[in-house]
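Residue-level structural notes
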Amino acid sequence: MKNIFVYGSLLDKALRTNVLGHDTEGVKDILEDYTLDTHSVLGRYPTVIKSEGDFVRGEIFKVNGDDIENMDRYESHYYKKIEVTLKSGVMSLVYIERHFNVGT
């Protein structure tokens with residue numbers, strides 16, 4: 001099992017259940033030194049960017065390999081996963097914008 005921190009549309013329980021194929025309960029946590037921003041390609045969808053002193057509220061979930069595959073499909077190739085440490089001290093994956101123009 002891995003941890004995943006969500007801050008956008010996957011906070012919606014019905015949507016998350018649809019994406020994962022099952023219900024899962026999250027725990028509130030905070031991603032420090034990041035801020036919410038608008039995805040440069042997808043417009044209405046959020047992403048997070050580094051921003052010292054700022055923070056993003058969200059929830060952390062335990063997910064398995066199938067869950068991650070489902071979330072990868074949902075988030076699309078416009079996002080990538082990175083590992084972060086949340087305010088609680090928990091290590092977690094989080095989806096951020098993938099910038100194609102800089103090779104990341």
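Scroll up a little and you will see the structure.
Quantities reported herein were computed from a predicted structural model and do not represent experimental measurements. (Residues numbered from 1 in each chain as written. Predicted model: local features only at pLDDT ≥ 70, side-chain atom pairs only at ≥ 80, totals over all residues. Heavy atoms only, no water.)

**Considering the overall build of the chain**
- Across its full length, the chain carries two helices and five strands.
- Along the chain, from the amino end to the carboxyl end, the secondary structure elements read β-α-β-β-α-β-β.
- Taken against the 2.2 N^0.38 rule, which gives 13 Å for 104 residues, the C-alpha radius of gyration of the chain at 13 Å falls within 12% of a compact globule.
- Oriented by its inertia axes, the alpha-carbon framework of the chain measures out at about 35 × 30 × 20 Å.
- Here the chain, with 104 residues, has 37% of them falling under the buried criterion.
- Residue pairs at least 24 apart in sequence account for 60% of intrachain contacts in the chain once pairs closer than 6 positions are excluded.
- If you sum the accessible surface of the chain, you get close to 6,100 Å²; carbon and sulfur atoms cover 51% of it.
- When the 13 basic and 17 acidic side-chain charges of the chain are each reduced to a single mean position, those positions are 1 Å apart. (Helix = DSSP H or I, 4+ residues; strand = E, 2+ residues; numbered from the N terminus. Rg over C-alpha atoms; globule rule 2.2 N^0.38 Å. Buried < 20%, exposed > 50% of the residue type's maximum accessible area, 1.4 Å probe, protein only. Contact = heavy atoms within 4.5 Å. Areas by Shrake-Rupley, 256 points an atom, 1.4 Å probe, with all protein chains shown as cover. Lys, Arg positive; Asp, Glu negative; His and termini not counted. Charge placed at Lys NZ, Arg CZ, Asp CG, Glu CD.)

**Examining the layout of surface pockets**
- Taken as a whole, the largest pocket holds about 200 Å³ of empty space.
- Taken together, 14 residues line the largest pocket, and the ones lying closest to its centre are Ser-9, Tyr-45, Tyr-74, Glu-75 and Tyr-79. (1 Å grid on protein atoms, 1.4 Å probe; cavity = no way out; pocket = protein on both sides within 12 Å on 5 of 7 lines; lining within 4 Å. Points joined across faces, edges and corners; volume = space filled by probe spheres on them.)

**Focus on the pairing of strand β1 (residues 2-6)**
- Counting buried positions along β1 gives four out of five residues, so the element sits mostly inside the fold.
- Sheet topology note: the β1/strand β5 (residues 91-97) ladder contains two bridges and is parallel. Across the sheet, residue Phe-5 finds its bridge partner in β5, namely Val-94. (Pairing = 2+ DSSP bridges.)

**Examining the pairing of strand β3 (residues 46-63)**
- Where β1 lies against β3, five bridges are found, and the strand directions are antiparallel. Within β3, the position partnered with Phe-5 by the bridge is Ile-60.
- Strand direction decides the pairing type here: strand β2 (residues 27-38) and β3, joined by eleven bridges, are antiparallel. Each residue of the ladder has a partner; that of Thr-35, found in β3, is Ile-49.

**Considerations on the side chain of Ser-51**
- Checked against the element boundaries, Ser-51 lands in strand β3.
- Separated by 2.4 Å, the side chains of Ser-51 and Asp-54 make a polar contact.
- Ignoring sequence-local partners within four residues, the contact set of Ser-51 consists of Asp-33, Tyr-34 and Thr-35. (Polar contact = N/O pair within 3.5 Å; in protein donor to acceptor, adjacent residues only side chain to side chain.)

**Points about the pattern of salt bridges**
- Inspection of the entire model under this criterion finds four salt bridges.
- Linking Asp-23 and Lys-13 is a salt bridge whose minimum nitrogen-to-oxygen distance equals 3.6 Å. With a gap of ten residues between them, Asp-23 in the loop between α1 (13-20) and β2 and Lys-13 in helix α1 connect regions that are remote in the sequence.
- Between Lys-81 and Asp-72 there is a salt bridge, with the nearest N and O atoms lying 2.9 Å from each other. (Salt bridge = Lys/Arg side-chain N within 4 Å of Asp/Glu carboxyl O.)

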